[in-house]
Amino acid sequence: MKAEAALFKEIITEENTPLRFTAYEKKFSAAIHEGRLQIFLHSGRKEELQTDIILPGKALSSGTEIALSPSLPDKPLSLDPARSIYVLAGTTVSFFIPVPLWATLTVNGLPVKDIVLKEFSKTWIGEVGQNGDLGYTLHQEPMKDDNTLLPDAAYMEVIIENRSRLSFDVKRLILYVPFTSLYKNEAGYLFTDRQKFTVSPSNKQDIKLMKPASSGIETVARPRRKASKDYFTRFATFLKKVTVMS
Amino acid sequence: MFSGFTDFIRSILTHPALPVILRSLAVLFGGILFLKVITHFIGKRMGKKYSPQVQMLTRKGIFYAGVILLLFYVLQQAGVKMSAIFGAAGIAGIAIGFAAQTSISNIISGIFLVSEKPFAIGDIIIVEGQLGIVESMDLLSIKLKTFDNLFIRIPNTTIINTNVTNITRYPLRRMNFELSVAYKEDLSRVKDVLLDIAAKNPYCLDDPAPYFLIKDFGTSGVALLLGLWFEKNDYTDLKNSIMTEILARFKKESIEIPFPHISVYTGESTKPFPVDIQKK
């Protein structure tokens, strides 16, 4: 999505005067009432309170600035494509995954909370009951290019390099979204770090995060978490449910 | 009187054994201080690598061993015969051993527990039917706090000798829902409904996938098992939400959960059961 449309900023100076706005194709309203800033997310007839903040005494006289910035989900995403991704021996495939965006609400420049624009269902990434991490399930089809403008998603380029002698069928991919940054390119589109999966000739799996290939990019949001040295290898495999075919 | 007092003081200060006594006391107190400093630094060095119980055992072990060695040195310096001490200690050891065998057994069991690590502080465990959160693991016993705020002390030997279930050892758990549906129900439709409920529940994990099993042909209905995986902290939320949703959805889909019932036959299933109403 275009980054200019992704950043919303407004200053509220009057109490009891709701400010209605649309961001990320969602409807919001914000109002200050009895010294408290309340922000609602509207979906249909439902109104969901996102935040209720007590403002300092002088906030109204100087104006209260609220802003919504794009951010990435806070947990890794488990990608379950409807059709599995087949990678021949000795080949490299790459594709784009639209990663649904969240929004970070800031009040007077201070981040307050994440606005969950897309609800995900929870899943487990790793061995059952052992080492692993909580993640979200993402039902999304890979895209060949990033030319289509999407309303509320950022593109993540995924590269799978198969240097082994065996072809494999990838039925599930883990996207380590909390460890990536969010960027804006010159055309105003949003991207995350690229994620490269490599399977070595000895069938050892490796993962690397790399900056997007395009130049002139600007960082919009930093990674939420810093991965420990063994985080990516600790879960045994990032390519879940791989069928090795000779 | 005053001269008598001063003579007494003078006799103490000029006693030939005074330098030995003073030196022994200095060694004893200086040694204890040194041991405290050493054990403090050892505890800090062990840091987060070792559990608090291991740190406590190591610090106390080093401290008390050091104090015993200091005492032996001081007594030796004071001219006490060590052979007599060892002899008395041996006899005392036997007496203490008989008197304190339960406590010593608990201490040894505590050491085994620390090395085996079946649970840690903060884990929820079941021991002999008692469910609670482990509050502390001490030399003689462990302390549990139940969910209705009761305090339970369990000797370490009990822990070693019985089955202990650690509910929170692993990050995930599976919650099993056993339910029964009437024989007239379409089981594949029931399965679809249950799996749909699981898919829409925010606490139920997509992976590992929900588990569905047709368990048995029961006396009143078909027994089913639905196993849902969840993160260990979501137990109550998952249980309440799934039970509520199953009831509501079954009602909406007209899926019958049968009450226990018995069908009575007269011998032929087609003829009505004969009832004879007698007027008084």
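Residues numbered from 1 in each chain as written. Chains lettered and ligands numbered in written order. Predicted model: local features only at pLDDT ≥ 70, side-chain atom pairs only at ≥ 80, totals over all residues. Heavy atoms only, no water.

*Asks:* Please clarify how the overall build of chain B should be interpreted in this entry.
*Replies:* The number of helices and strands found in chain B is 8 helices and 8 strands. Here chain B has a C-alpha radius of gyration of 35 Å; the compact-globule value for 280 residues is 19 Å, and the former is much larger. Dimensions along the principal axes, computed over C-alpha positions, put chain B at roughly 125 × 55 × 40 Å. In chain B, of all internal contacts separated by at least 6 residues, the share reaching a separation of at least 24 is 62%. Split by element, the accessible area of chain B, about 19,000 Å² in all, is 63% carbon and sulfur. Once the 30 positive and 23 negative side-chain charges of chain B are each reduced to a mean point, those two points are 13 Å apart. (Helix = DSSP H or I, 4+ residues; strand = E, 2+ residues; numbered from the N terminus. Rg over C-alpha atoms; globule rule 2.2 N^0.38 Å. Contact = heavy atoms within 4.5 Å. Areas by Shrake-Rupley, 256 points an atom, 1.4 Å probe, with all protein chains shown as cover. Lys, Arg positive; Asp, Glu negative; His and termini not counted. Charge placed at Lys NZ, Arg CZ, Asp CG, Glu CD.)

*Asks:* Honestly, the nonpolar core in this entry has me stumped. Any pointers?
*Replies:* Of all hydrophobic cores here, the largest spans 33 residues; its most connected members are Leu 77, Val 158, Ile 160, Leu 173 and Leu 175 of chain A. The element that contributes the greatest number of residues to this core is strand β15 (residues 167-175) of chain A, accounting for 5 residues. If we skip the residues at most four places from it in the chain, Leu 175 of chain A touches Pro 76, Leu 77, Ile 97, Leu 138, Met 156, Val 158 and Gln 195 of chain A. With 21 residues, the next largest nonpolar core counts Val 181, Val 222, Ile 242 and Phe 250 of chain B among its residues. (Core = buried A, V, L, I, M, F, W, Y, C linked by side-chain atoms within 4.5 Å. Buried < 20%, exposed > 50% of the residue type's maximum accessible area, 1.4 Å probe, protein only.)

*Asks:* Help me understand the interface of chain A and chain B in this model?
*Replies:* Interfaces are frequently sized by the accessible area removed from exposure as the parts join. On the side of chain B, 13 residues touch chain A, which itself brings 12 residues to the contact. Taken together, both faces of the contact between chain A and chain B bury some 1,000 Å²; the carbon and sulfur share is 56%. Connecting chain A to chain B are 2 salt bridges. A salt bridge links Lys 122 of chain A to Asp 234 of chain B; its shortest N-O distance comes to 3.0 Å. The interface formed by chain A and chain B contains 7 residue pairs in polar contact (both at pLDDT 80 or more). At the level of elements, β12 (122-126), β13 (132-138) and β21 (239-245) of chain A are the ones that each hand at least two residues to the side of chain A that touches chain B. No other element matches β12 of chain A, which puts 3 residues into the side of chain A that touches chain B. Here the side of chain A that touches chain B is built from residues that sort into 3 nonpolar, 5 polar and 4 charged. (Buried area = accessible area lost by both parts, 1.4 Å probe. Salt bridge = Lys/Arg side-chain N within 4 Å of Asp/Glu carboxyl O. Polar contact = N/O pair within 3.5 Å; in protein donor to acceptor, adjacent residues only side chain to side chain. Nonpolar A, V, L, I, M, F, W, Y, C, P; charged D, E, K, R; others polar.)

*Asks:* Just to check I follow, could you spell out the environment of Phe 72 of chain B for this structure?
*Replies:* Residues and elements named next belong to chain B. Checked against the element boundaries, Phe 72 lands in helix α3 (residues 52-77). The spacing of Phe 72 and Leu 13 is 59 residues in sequence and 25 Å in space, taken between C-alpha atoms. Leave out the neighbours within four places in its chain, and Phe 72 touches Met 82, Ile 85 and Phe 86.

*Asks:* Is there a simple way to explain the pattern of salt bridges in this structure?
*Replies:* Residue and element names in this part refer to chain A. Applying the stated rule across the entire model yields 16 salt bridges over all chains. Note that Asp 133 is salt-bridged to Arg 225, the shortest N-O span being 3.0 Å. Linking Asp 133 in strand β13 with Arg 225 in the loop between β20 (218-221) and α3 (231-234), this pair joins segments that are 92 residues apart in sequence. Note on Arg 225: relative accessible area 31%, which makes it partly exposed.

*Asks:* Can you help me understand the confidence of the model for chain B in this one?
*Replies:* Atomic detail in the predicted coordinates should be set aside for any region of low pLDDT. Chain-level statistics for chain B give a pLDDT mean of 87 and a share of 95% at 70 or above. Listed scores for the predicted complex are pTM 0.74 and ipTM 0.78. (pLDDT = per-residue confidence, 0-100.)

*Asks:* Can you walk me through the sheet that holds strand β4 (residues 151-155) of chain B in this structure?
*Replies:* Pairing between sheet strands relies on hydrogen bonds along the backbone, with the strands arranged either parallel or antiparallel. Residue and element names in this part refer to chain B. One open sheet holds the 5 strands; their spatial order is β4-β3-β2-β1-β5, and the pairing between them is antiparallel. What marks the edges here is a single partner per strand, and that holds for β4 and β5 (164-166). In this sheet, adjacent strand axes meet at a mean angle of 40 degrees when their direction is disregarded. (Pairing = 2+ DSSP bridges. Axes fitted to C-alpha atoms, helices over the stretch in contact; angles between N-to-C directions.)

*Asks:* It is not clear to me how the packing of aromatic side chains should be interpreted in this structure. Could you clarify?
*Replies:* Note on aromatic pairs: each is described by the distance of the centres and the angle between the planes. This model, assessed by the stated rule, comprises 10 aromatic pairs over all chains. Measuring from centroid to centroid gives 6.4 Å for Trp 102 of chain A and Phe 120 of chain A, while their planes differ by 35 degrees, and the two rings are tilted. Within this pair, whereas Trp 102 of chain A is found in strand β10 (residues 102-107), its partner Phe 120 of chain A is found in the loop between β11 (110-115) and β12, the two being separated by 18 residues in sequence. As far as the burial class goes, Trp 102 of chain A and Phe 120 of chain A line up, both buried. Arranged with centres 6.1 Å apart and planes meeting at 55 degrees, the rings of Phe 230 of chain B and Tyr 235 of chain B form a pair that is tilted. (Phe/Tyr/Trp six-rings, centres within 6.5 Å; stacked < 30°, edge-to-face > 60°.)

*Asks:* Could you clarify how one ought to interpret a nonpolar patch on the surface in this entry?
*Replies:* Residues and elements named next belong to chain B. Judged by side-chain polarity, Phe 2, Phe 5, Phe 8, Ile 9, Ile 12 and Leu 13 come together as a nonpolar surface patch covering roughly 640 Å² of accessible area. Within the fold, Phe 2 resides in helix α1 (residues 2-13). Note on Phe 2: relative accessible area 64%, which makes it exposed. (Patch = residues over 30% accessible without salt bridge, like charges linked within 9 Å, V, L, I, M, F, W, Y side chains within 5 Å.)

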